[in-house]
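Descriptive structure summary
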Amino acid sequence: MPLNATLVLLVCAAVVGVFCAWRGAQPPNLVRGPRMVPYRFIMVLCAAVALIAVVHLMNLAGFETGRR
């Protein structure tokens, strides 16, 4: 994957992760009913994608991160 696509993926994962962290931290509104979106799970998925993107950026920069 090229550098530009990796950077776009990293920024998108960070933005969605921060938004889900903010929404997941809000107290539930019992009048409107339960939340149907699992914000905390989406936040964890975004953090995992961001970590993989950072490792990929390090590999593109020339650092070896695998087993060898």
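Residues numbered from 1 in each chain as written. Predicted model: local features only at pLDDT ≥ 70, side-chain atom pairs only at ≥ 80, totals over all residues. Heavy atoms only, no water.

Details of the overall build of the chain
When you go through the chain residue by residue, the secondary structure sums to 2 helices and 0 strands. Here the C-alpha radius of gyration of the chain, 16 Å, is well above what a compact globule of 68 residues would show, namely 11 Å. Each principal axis of the C-alpha distribution contributes one length, and for the chain these read about 55 × 25 × 15 Å. Relative to its full complement of 68 residues, the chain shows a buried share of 16%. Summarising the internal contacts of the chain: among those between residues at least 6 apart in sequence, 56% fall at separations of at least 24. Total accessible area on the chain stands at roughly 5500 Å², and carbon and sulfur atoms take up 72% of it. (Helix = DSSP H or I, 4+ residues; strand = E, 2+ residues; numbered from the N terminus. Rg over C-alpha atoms; globule rule 2.2 N^0.38 Å. Buried < 20%, exposed > 50% of the residue type's maximum accessible area, 1.4 Å probe, protein only. Contact = heavy atoms within 4.5 Å. Areas by Shrake-Rupley, 256 points an atom, 1.4 Å probe, with all protein chains shown as cover.)

What about the state of the cysteines?
The final tally for this structure, using the stated rule, is 0 disulfides. Just so you know, Cys12 is unpaired, no disulfide at all, and the nearest cysteine sulfur is the one on Cys46, 9.6 Å from it. Judged by relative accessible area, Cys12 falls into the partly exposed class, the value being 43%. This cysteine, Cys20, is not joined by any disulfide, and Cys46 carries the nearest cysteine sulfur, 5.7 Å off. (Disulfide = S-S within 2.5 Å.)

Description of the nonpolar core
Core analysis: the largest hydrophobic core is formed by 5 residues, namely Leu10, Ala13, Ala50, Ala53 and Leu57. Of all the secondary structure elements, the ones that give two or more residues to this core are helix H1 (3-25) and helix H2 (39-61). Looking at this core, the element that brings in the most residues is H2, giving 3 residues. Beyond its immediate stretch of four places on either side in the chain, Ala50 contacts Leu10 and Ala13. (Core = buried A, V, L, I, M, F, W, Y, C linked by side-chain atoms within 4.5 Å.)

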